[in-house]
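Structure at a glance
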Amino acid sequence: MSQEKRLILDWTKAHDVFPIEKHLSNETNNLISAKKSLLSGKGKSPEFTGWVNYVKEECPNILSSIKKTVDTISNHSDAVVIVGIGGSLLGTKAVYEALTHTYASINQESFHRKPILFWAGHHIALDELSELLDALDNYTPSIIVVSKSGGTTEPALAFRILKQYLEDRFGCDEASHRIFAITDPQDGTLLKIAKENNYPYFPIPKNVGGRYSVFTPVGLLPLAIAGINVTEFVAGAVQAFDDCTSEKNHSIETNPALCYAGIRNVLYANKYKIESLCTWTPKARGIAEWWKQLFGESDGKENTGIFPASANFTTDLHSLGQYFQDGERHLFATHIKIQDEYSLLKGSIKRKIKIPESNLKDGFEFLAGKDLSYVQNEAQQGTFLAHSDGKVPTLVWELPELNAWWLGYWMYVNMLACGIGGYARGINPFDQPGVEDYKNNMFALMGKPSYADKAAQIKSRLNTGNRLRSLGLTSK
Ligand SMILES: O=P(O)(O)OC[C@H]1O[C@](O)(CO)[C@@H](O)[C@@H]1O
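Predicted model, so just to flag it, every value in this text is computed and none were measured.

The next thing to look at is the overall build of the chain. The helix and strand inventory of the chain stands at 19 helices and 10 strands. The C-alpha atoms of the chain give a radius of gyration of 24 Å, which matches the 23 Å a tight globule of 476 residues would have. Overall, the C-alpha framework of the chain stretches about 65 × 60 × 55 Å when taken along its three principal axes. Burial analysis of the chain (476 residues in total) assigns 41% to the buried set. Counting contacts in the chain only where the partners sit at least 6 residues apart, residues at least 24 apart contribute 75% of the total.

Okay, structure coming up:
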């Protein structure tokens, strides 16, 4: 079982660029007291720290409470559209894309045999939504609408449109059996809608914020429907909880959450303002998107905080590689390396891939017979060294395998590190007041009742005629 292996955060390469260790030891007490504040509910916004214990205390109940719905949906649907944005969608998408077959939608029968997940409500772009509606015609879909507040514009509008689609296609009665909700269990518009329409609904606890919600029904229900082993996913998180929150483990050497939180804060305080999470398979792009929201919304406070970016290698070595190597030195890189690249052999990977002998005379004969994972490994080592030489502090998360257990472990460690690091830096990692500004402007401009005064102000700012404008110089 994977549990005997270990998650490693290798920061030896970063140490070659910047003397982290020296600074980290000064940070230790601060980190330990931040950890204690988080665990005792004595830090900022303790009302949003329910996720810390949730994996251990609530997940077993949730896993059994979702079972019936998982069976219902799996029996009557071959696709499920997850409607949500930010924390209501990113964690699910991350795990789903990492662990299921990339091309399941093309050859569902032979690869997957579980409902395929599609995504909506995470944008307002008409092109993609229109194409999703085309794709749905090939399936017998259900919808899970996910919104903690129940009032977010993007998922609310997508839900309206998709509900209409189901009703046009299946009639109102059957459509209503194909709609499920995940939302605040006590109040909000979505809860009201679910109750009025008899949609089955599942709770996002009040004390768990969106970006910390992947282990609640938000992630567990859709992932279980898609055939992901959610019991293992939760078990990984529980192990991370045990390893990292224990009173006995205040050591930076053995506590990955403490270590990662400390290193990030030390680097930030020493002019490294951007962190890029570097993944090494297109299947892990979603993981970086989840991570960016987690740290972006948590850290970006009071005009401070690391900007979380991402890169997918080796693809982006051919676009961003130059900047990593030679651009402004305000960047550090945190890689995710999977030690056993064939860990998905039990899942979506069906074969080992060796580089064949060939008569191509392409200059790559020296690699014939080697496994592709050998090339990946050498590319990684070469990149780590080159970036260190280029003075980019380089951290490497080594995950023994890419599977549900280790993803659960790693994601929970990151959530803890985010909370601890934020408290240690003196900011509130559990609110997101800055997101409201764009929403308020948008509501005012769209004519939402009660925003009339703001609308007048904003429109006058948009129409200041004496601004320089860009001109279109060509016409068709
Ligand atoms: O689940 P909700 O309430 O629709 O919110 C979705 C996302 O929007 C935000 O509130 C930001 O606007 C995130 O924090 C959250 O994950």
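Counting buried positions along helix H5 (residues 90-99) yields 10 of 10 residues, so the element is predominantly enclosed. Within H5 the residues assigned to the buried category are Leu90, Gly91, Thr92, Lys93, Ala94, Val95, Tyr96, Glu97, Ala98 and Leu99. Considering only its buried residues, H5 is in contact with strand E2 (79-83), strand E3 (116-120), helix H11 (217-225), helix H12 (230-245), helix H14 (285-299) and helix H17 (404-425).

Right, let's get into the UniProt feature "active site" (unreviewed entry) in the chain. The residues that UniProt annotates with the feature "active site" (unreviewed entry) are Glu297 and Lys439. Considering the arrangement of structural elements, one finds glutamate 297 in helix H14. Residues contacting glutamate 297, with those up to four places away along its chain left out, are Arg211 and Gln432. If you trace the backbone, lysine 439 turns up in helix H18 (residues 436-446). Lysine 439 sits in the partly exposed class, given 13 other C-beta atoms within 10 Å.

Here we take up the packing of H5 against H14. Look at H5 against H14: their axes get within 7 Å of each other, and the N-to-C directions meet at 160°. With respect to their mutual orientation, H5 and H14 come out roughly antiparallel. The handedness of the crossing between H5 and H14 comes out as left-handed. Together, Leu90, Gly91, Lys93, Ala94, Glu97 and Ala98 of H5 and Gly286, Ile287, Glu289, Trp290 and Gln293 of H14 make up the contact between the two elements. A breakdown of the residues in the contact of H5 with H14 according to their chemical character gives 5 nonpolar, 3 polar and 3 charged.

Attention now moves to the site of the ligand. By nearness alone, 14 residues border the ligand, and Gly86, Gly87, Ser149, Thr152 and Gly210 come closest of all. Grouping the amino acids of the shell around the ligand by side-chain chemistry returns 3 nonpolar, 8 polar and 3 charged.

Moving on: the nonpolar core. Residues Val83, Ile144, Ile228, Tyr412 and Ile420 are the most contacted members of the largest nonpolar core, which totals 124 residues. Aside from chain neighbours lying at most four places away, what touches isoleucine 144 is Val80, Ile82, Val83, Phe180, Ile182, Leu221 and Pro222.

Assigned domains of the chain: these are domain 1 (8-44 + 248-425), domain 2 (47-232) and domain 3 (434-458). Summarising the inter-unit geometry, the C-alpha centres of domain 1 and domain 2 are found 29 Å apart. At the interface, 23 residues of domain 1 touch 23 residues of domain 2. For the side of domain 1 that touches domain 2, the secondary structure elements donating two or more residues are helix H2 (20-40), H14 and H17. When residues in the side of domain 1 that touches domain 2 are grouped by element, the largest group, 8 residues, is from H14. Each residue belonging to the side of domain 1 that touches domain 2 can be placed in one class, and the counts come to 13 nonpolar, 7 polar and 3 charged.

Another aspect to go through is the pairing of strand E7 (residues 274-279). Among the 6 residues that make up E7, 5 are buried, leaving the element largely enclosed by the rest of the structure. Pairing of E7 with strand E8 (residues 307-312) involves 6 bridges; the strand directions are parallel. Counted as the bridge partner of leucine 277 is serine 310 from E8. Handedness of the crossover joining E7 and E8 through H14: right-handed. In the sheet, E7 pairs with strand E9 (residues 331-340) via 5 bridges, with the strands oriented parallel. By the bridge assignment for E9, glutamate 275 is matched with phenylalanine 332.

Before going further, it helps to spend a moment on the pairing of E3. Counting buried residues along E3, 4 of its 5 residues qualify, which places the element largely inside the surrounding structure. Two elements, E2 and E3, share 5 bridges in a ladder whose sense is parallel. The residue of E3 that forms the bridge with valine 80 is leucine 117.

Attention shifts here to the confidence of the model for the chain. Summarising the model, the chain shows a mean pLDDT of 94, and 95% of its residues fall at 70 or more. The ipTM, which scores confidence in the relative placement of chains, is 0.98 for this predicted complex, and the corresponding pTM is 0.96.

Turning to unusual backbone geometry, a few remarks are in order. For the bond running from phenylalanine 313 to threonine 314, omega is 5°, close enough to zero to count as cis. Mapping threonine 314 onto the fold places it in the loop between E8 and helix H15 (321-326). Residue glutamate 302 is not a glycine yet carries a positive backbone phi of 55°. Among the structural elements, glutamate 302 can be located in the loop between H14 and E8. In this model, asparagine 303 sits at a positive phi of 60°, which is unusual for a non-glycine residue. Structurally, asparagine 303 can be placed in the loop between H14 and E8. Residue asparagine 303 is classed as exposed on the basis of its C-beta count, with 5 C-beta atoms lying within 10 Å.

Next up on the list: the sheet that holds strand E4 (residues 141-147). Reading across the sheet, the 5 strands line up as E3-E2-E4-E5-E6 and stay open at both edges, with parallel pairing between neighbours. The strands lining the two open edges of the sheet, one partner per strand, are E3 and strand E6 (201-203). Averaged over all pairs of adjacent strands, the angle between strand axes in this sheet comes to 20°, irrespective of strand direction. Taken together, the 3 bridges between strand E5 (residues 179-183) and E6 define a ladder with parallel strand orientation. Residue pairing for E6: alanine 181 is matched across the bridge by tyrosine 201.

What counts, and where the lines are drawn
- Residues numbered from 1 in each chain as written.
- Predicted model: local features only at pLDDT ≥ 70, side-chain atom pairs only at ≥ 80, totals over all residues.
- Helix = DSSP H or I, 4+ residues; strand = E, 2+ residues; numbered from the N terminus.
- Rg over C-alpha atoms; globule rule 2.2 N^0.38 Å.
- Buried ≥ 20, exposed ≤ 12 C-beta atoms within 10 Å, placed from the backbone.
- Contact = placed C-beta atoms within 7 Å.
- UniProt positions renumbered as here; feature names shortened; annotations may be inferred.
- Axes fitted to C-alpha atoms, helices over the stretch in contact; angles between N-to-C directions.
- Parallel < 35°, antiparallel > 145°, perpendicular 65-115°, else oblique.
- Left-handed = near helix turned anticlockwise from the far one by under 90°.
- Nonpolar A, V, L, I, M, F, W, Y, C, P; charged D, E, K, R; others polar.
- Near = placed C-beta within 6 Å.
- Core = buried A, V, L, I, M, F, W, Y, C linked by C-beta atoms within 7 Å.
- Domains from an automatic or database assignment.
- Pairing = 2+ DSSP bridges.
- Right-handed = clockwise from strand over helix to strand, strands pointing away.
- pLDDT = per-residue confidence, 0-100.

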